[in-house]
Amino acid sequence: MKYKAVKEDGSSLEGDYMASIMRNITLFIPLLDAILVIIDKPRLGDNIAKTKVVNV
């Protein structure tokens, strides 16, 4: 599936542990994330951490 999470400016998340924590903290609210994915919107964690998922 060759997807990768990057910062909004396209730079790598490598070594940015705070962004990783912020992206994944919302996984404790699975219903909200599932709804956003179903309606084709960015995950809440991506909005908070200012990241996006790209196809590589």
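Residues numbered from 1 in each chain as written. Predicted model: local features only at pLDDT ≥ 70, side-chain atom pairs only at ≥ 80, totals over all residues. Heavy atoms only, no water.

### Focus: the pattern of salt bridges
Pairing between side chains of opposite charge can happen when the charged atoms of each approach one another. Inspection of the entire model under this criterion finds 3 salt bridges. Note that Lys7 is salt-bridged to Asp16, the shortest N-O span being 3.4 Å. A relative accessible area of 28% places Lys7 in the partly exposed class. Judged by its relative accessible area of 26%, Asp16 falls in the partly exposed class. The partner of Asp46 in a salt bridge is Arg23, with the nearest N and O atoms 2.7 Å apart. Pair noted here: Asp46 is in helix α3 (residues 44-49) and Arg23 is in helix α1 (residues 17-25), with a separation of 23 residues, a long-range link. Classification of Asp46 as buried rests on a relative accessible area of 5%. Given the relative accessible area of 13%, Arg23 is considered buried. (Salt bridge = Lys/Arg side-chain N within 4 Å of Asp/Glu carboxyl O. Buried < 20%, exposed > 50% of the residue type's maximum accessible area, 1.4 Å probe, protein only. Helix = DSSP H or I, 4+ residues; strand = E, 2+ residues; numbered from the N terminus.)

### Quick word on unusual backbone geometry
Non-glycine residue Lys2 carries a positive phi angle of around 25°. Note that Lys2 resides in the segment before β1 (3-7). On the accessibility criterion, Lys2 (63% relative accessible area) is exposed.

All we've got here are geometric facts, nothing functional implied.
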